[in-house]
Amino acid sequence: MSYDATIYAGTAQHYRFGRPRYSRELRSTLTELCRLDSGPGLDGTGRLLDVGCGPGSVTVPLADLFDEAVGIDPDPDMLREAARFAAFEHVGNLRWLQTTAEDAVRLEPGPFRLITFGQSFWWTDRERVAEAMYDLLEPGGCLALISHCATDRPRPIGPDLPPIPHDAIKELLRRYLGSDRRAGQGLGPQHPDSIEDALSRTRFGRPEQHFAPGRPDIVRNSDSVIAGYLSMSSSAPHLFGPNLDHFRAAMTDLLQHHSPTARFWDWPGDTQLLLARKPATPM
Ligand SMILES: C[S@@+](CC[C@H](N)C(=O)[O-])C[C@H]1O[C@@H](n2cnc3c(N)ncnc32)[C@H](O)[C@@H]1O
């Protein structure tokens, strides 16, 4: 699978304003899970590698659980946003590296205590990358694949606002971009099976699934909802060509129609963690 540098073109500036953050309990959940093995756990020592770090959504909140955190991403605009986020949060023990997961082993030697992928594993050559990450982990270290998951998760009681009308927005997007899920110059990755199946064919074996409770209280205005969509590879600004302003106007109208106050409840679901470990002693 070769990397297409345009998949996230123009999205980085919209990402943090438009995307929901992961669970407030992501840190404590990971700390607990990584302690279960006989290794030292997440105690402020060791190193974190966050792969496909984007604007630092996982790297920045977890960095102080380690001596050093390294965020890698092939998209330079994402890395610029990540550095800005870290400066804003006054987090200093971080390094950013522009590279793909596939090339990381060559450029960033281990060992790492924890390797995270926040909604980014999907973009990689999964089994090859998982095997490479296994070699980068210290004995007893963990691989955590992090994403939002609303399917089959209990829906909390949220603020008294309409939900983001995702179905209506998807219909609007179909009119502008067609019904294929586009990404960069082509379509998104077409994997034949689930992440769990892919990992089960590697030295990690089938991952454990855990959840940390999602944030039930995210409120967005129309600009933030639009930014969320413009931060996605499948509706990145460049895909609209000359129709981008037209799309923005149509989306603003649609959102106004669904919420006269132009405010919405964003429920991204709980934060799902697919966790795999490298044994503390060689097998
Ligand atoms: C959906 S964003 C996730 C950003 C962030 N990790 C988060 O959780 O919000 C996916 C990221 O994966 C990156 N990416 C795409 N292909 C990649 C690859 N082959 N290796 C590493 N990262 C890649 C993209 O540039 C993008 O920043």
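Within each chain, residues carry numbers counting from 1 in the order of the written sequence. Given that the model is predicted, a residue must reach a pLDDT of at least 70 before its local features are reported, and side-chain atom pairs must reach 80 or more before they are shown or counted; all residues, however, enter totals for whole chains, interfaces and linings. Here the side-chain values reflect all heavy atoms present in the structure, with hydrogen atoms and water set aside.

(A) Structural view of the pairing of strand E5 (residues 137–149). With eleven of its 13 residues buried, E5 lies for the most part within the structure. Strand pairing is assigned whenever DSSP detects at least two bridges linking the two strands. For the purposes of this entry, the term helix denotes a DSSP run of H or I that reaches at least four residues, the term strand denotes a run of E that reaches at least two, and both are numbered from the N terminus. Sheet analysis places strand E4 (residues 112–118) next to E5, joined by six bridges and oriented parallel. Across the sheet, the residue bridging to Phe 112 is Leu 137, located in E5. A clockwise course of the path from the first strand over the helix to the second, judged with the strands pointing away from the viewer, identifies a crossover as right-handed. Viewed along the sheet, the connection from E4 through helix H6 (residues 126–136) into E5 turns out right-handed. Strand direction decides the pairing type here: E5 and strand E11 (residues 270–277), joined by eight bridges, are antiparallel. Buried means the residue's accessible area, taken with a 1.4 Å probe over protein chains only, is under 20% of the maximum for its type, while exposed means over 50%, and partly exposed covers the values in between.

(B) The side chain of Arg 126, seen in detail. Within the secondary structure, Arg 126 sits in helix H6. Look at Arg 126 and you get buried, because its relative accessible area is 6%. A polar atom in the side chain of Arg 126 sits 3.4 Å from the backbone oxygen of Ser 194. When checking whether two residues touch, look at their non-hydrogen atoms; a contact exists if any pair is within 4.5 Å. Excluding residues that lie within four positions of it along the chain, Arg 126 makes contacts with Phe 121, His 191, Pro 192, Asp 193, Ser 194, Ile 195, Ala 198 and Arg 201. As used in this structure description, the phrase polar contact means that two N or O atoms lie within 3.5 Å; if the pair is within protein, one of them must be able to donate a hydrogen and the other to accept it, and residues adjacent in sequence are counted only when both atoms belong to side chains.

(C) Expanded view of the site of the ligand. Of all residues adjacent to the ligand, which total 20 residues, the nearest are Tyr 22, Gly 52, Ser 57, Asp 73 and Ala 101. Ala 101 places a polar main-chain atom, nitrogen or oxygen, 2.8 Å from a nitrogen atom of the ligand. Between the ligand and Glu 102, the relevant distance is 3.1 Å, taken from a nitrogen atom to a side-chain nitrogen or oxygen of the residue. Calculation of accessible area relied on Shrake-Rupley with a 1.4 Å probe; when residues are assessed, cover is drawn exclusively from the protein chains displayed. Taken by itself the ligand offers 590 Å² of open surface, and the protein chains cover 97% of this. When the residues that make up the shell around the ligand are grouped by side-chain class, the tally is ten nonpolar, seven polar and three charged. Distances are taken per atom, and a residue is near a molecule or strand as soon as one of its heavy atoms is within 4 Å of it. Think of it as three bins: nonpolar holds Ala, Val, Leu, Ile, Met, Phe, Trp, Tyr, Cys and Pro, charged holds Asp, Glu, Lys and Arg, and polar takes everything else, Gly as well.

(D) Inspection of the packing of aromatic side chains at higher detail. Here is the rule: rings of Phe, Tyr and Trp (six-membered ring for Trp) pair when centre to centre is within 6.5 Å. Planes less than 30 degrees apart are stacked, more than 60 are edge-to-face, and the remainder are tilted. This model, assessed by the stated rule, comprises eight aromatic pairs. Measuring from ring centre to ring centre gives 5.1 Å for Phe 117 and Phe 121, while their planes differ by 85 degrees; the resulting arrangement is edge-to-face. Here Phe 117 and Phe 121 have matching classes, each one buried. An angle of 75 degrees between the planes, with centres 4.8 Å apart, marks the rings of Trp 122 and Trp 123 as edge-to-face. For Trp 123, a relative accessible area of 18% gives the class buried. By way of ring pairs, the aromatic residues Tyr 8, Trp 122 and Trp 123 are connected into one cluster.

(E) Examining the sheet that holds strand E2 (residues 68–73) more closely. With mixed pairing, the seven strands of this open sheet are ordered in space as E3-E2-E1-E4-E5-E11-E8. On the outer flanks of this sheet lie strand E3 (94–98) and strand E8 (208–212), each paired with one strand and no other. On average, each strand axis in the sheet is tilted by 20 degrees relative to the strand beside it, whichever way the strands run. To get an axis, a line is fitted to the C-alpha atoms, and for a helix only the part in contact is used. The angle between two axes follows their N-to-C directions and goes from 0 to 180 degrees. Packed onto the sheet, helix H4 (residues 76–88) meets E2 and E3 and runs at close to 170 degrees relative to E3. Against the sheet, H6 touches strand E1 (47–51), E4, E5 and E11, its axis set at about 135 degrees to E5.

Treat this as a map of the structure, not an account of what it does.
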